[in-house]
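# Remarks on the overall topology
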There are 2 protein chains.
Amino acid sequence: MGNADYEQLLRGASLRVTRPRVAVLGAVTENAHADTETILGAVRERLPDVSHQAVYDSLAALSAAGIVRRIQPSGSVARYETRVGDNHHHVVCRSCGSIADVDCAVGHAPCLTASDDNGFVVDEAEVIYWGTCPQCQAAQSSK
Amino acid sequence: MGNADYEQLLRGASLRVTRPRVAVLGAVTENAHADTETILGAVRERLPDVSHQAVYDSLAALSAAGIVRRIQPSGSVARYETRVGDNHHHVVCRSCGSIADVDCAVGHAPCLTASDDNGFVVDEAEVIYWGTCPQCQAAQSSK
DNA sequence: GCGAAATCCTGAATGAGTCAAGAAACGGGC
DNA sequence: GCCCGTTTCTTGACTCATTCAGGATTTCGC
C-alpha cells in the first residue's frame, strides 16, 4: 500500500490528510498489533519530527473513523491494527503478551447476539482468547 | 454471605486468611464490576486502616487463585467480580462505562474453540459486548 | 492565494498501578 | 497456648502510558 492509498482512506472518512496521519496509518498497517511506542518509532522513520502527541491524536482520529481498531487486553498497553470490519478476534499469550489474529470460529457474527442484553443496544462483540503462544510453550517445557 | 463463608473460600484455595482478604472478598461480592477505588472504599468501611497496597495484593492473590475475576475493557480501569467459572460475559456501555452480566448466548463455551489457533494453546475465551446502556439511550434520544 | 477551523508541537500534569524495605500477622508444630 | 519461619501488610516513593493546555502550523474550501 502506498501513501496515495492511505490518503484515499483518510479522505473517504472525511478526515484531513496530514503527514502525521498518513505516516501513522502506514506504521499501523505494517506493524499489526503494535503498541503506541512501536508505532511512534515506525512513524519517526518516515517523519522524524512527529510529536508523540500527534501520534496519539492521529490514532484517536483513525479509531473514531473506524479505519484502525484499538485493542487493549487486560494488563497490556493499547495496541492498534488496520484489519477492521471482518469480524476477527485475537489470541493473547498470557506469558509474553503476543497477539495473533483468529477468524471467528462459528461463522459470521454469532457471538454478536447476547442471550439477554439487559436493555443494552449491542453493536459489537469482541472476543479475546487467552492462552500460551508456541514460543512460550517451548520455553516452559524445556525448563 | 458471611465472613465465615469467605474464610472457607480462602482456605479452600490454600490462601492465608487475613482480615484484608476477607474484607476485599466481601467488598467485591457486594460490588460487582467495581473498580479498585470503589473496592478500596468498601473495604475501608469494614476495616478503616487498610492500605491500598493490601487491596491490590489481595485482589492479585484472589485473581490468581480463581476466586475473583479481573476484567478490564479498553479504556477502563481494572474491575473485579466474584462470579467465576460459569462462562458468562459482559456488556459494556460505550458512553458511561457501566457493565452488566450476559450469559453465554450459544450454550456452553462454544466461543472457546478458535477456528485456527496459530499454535496457541487456548484456555479461556473472554467476550465483551460493546453497546449503549438503557440510561444513556434515554439521555441521547432526549437531546 | 486567503482565512477559518482543525491539527500539531512543546511541555507539563495526571493517576492507576508497581516496587521496596521493614513491621506485623498467620498458622503449623510443639 | 506459644514459638518461629514465612507470608502478608504498611508506608512511601516511583514509573510510565496517556491526557491536558496554549500557542504555532497546516489543511482545504472558496
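Shown above is the structure to which this text applies.
Residues numbered from 1 in each chain as written. Chains lettered and ligands numbered in written order. Predicted model: local features only at pLDDT ≥ 70, side-chain atom pairs only at ≥ 80, totals over all residues. Heavy atoms only, no water.

Taken together, 20 residues lie near DNA strand D, and Val17 and Gln53 of chain A together with Thr18, Ser51 and Ala54 of chain B sit nearest. For DNA strand D, the backbone makes up 65% of the atoms found within 4 Å of the protein, where backbone means sugar plus phosphate. Note that a base oxygen of DNA strand D is positioned 3.5 Å from one of the side-chain N or O atoms of His52 of chain A. Take Gln53 of chain A: an N or O atom from its side chain is 2.4 Å from a base nitrogen of DNA strand D. Within the residue set of the surface near DNA strand D, elements represented by two or more residues are α4 (52–65) of chain A together with α2 (19–30) and α4 (52–65) of chain B. (Near = heavy atom within 4 Å. Polar contact = N/O pair within 3.5 Å; in protein donor to acceptor, adjacent residues only side chain to side chain. Helix = DSSP H or I, 4+ residues; strand = E, 2+ residues; numbered from the N terminus.)

What follows concerns the protein's contact with DNA strand C. Looking at DNA strand C, there are 20 residues lining it, with Thr18, Arg21, Ser51 and Ala54 of chain A together with Gln53 of chain B nearest. Backbone sugar and phosphate groups make up 65% of those atoms of DNA strand C lying within 4 Å of the protein. In this structure, Asp49 of chain A approaches DNA strand C through a main-chain N or O atom, which is 3.5 Å from a phosphate oxygen. At 3.5 Å, a side-chain N or O of His52 of chain B approaches a base oxygen of DNA strand C.

This structure, assessed with the given rule, holds 12 salt bridges over all chains. Here Asp123 of chain B ties to Arg94 of chain A by a salt bridge, and the two come within 2.5 Å at their closest N and O atoms. Of this pair, Asp123 of chain B sits in strand β6 (residues 121–132) while Arg94 of chain A sits in the loop between β4 (88–93) and β5 (99–103), placing the two residues on different chains. Taking relative accessible area as the criterion, Asp123 of chain B reaches 45% and is therefore assigned partly exposed. By relative accessible area, which is 44% here, Arg94 of chain A ends up partly exposed. Notably, a salt bridge pairs Arg83 of chain B with Asp101 of chain B, separated by 3.3 Å at the nearest N-O pair. Of this pair, Arg83 of chain B sits in the loop between β3 (79–81) and β4 (88–93) while Asp101 of chain B is found in strand β5 (residues 99–103), placing the two residues 18 residues apart along the sequence. The class for Arg83 of chain B is partly exposed, based on a relative accessible area of 31%. (Salt bridge = Lys/Arg side-chain N within 4 Å of Asp/Glu carboxyl O. Buried < 20%, exposed > 50% of the residue type's maximum accessible area, 1.4 Å probe, protein only.)

By themselves, these observations are geometric and do not establish any function.
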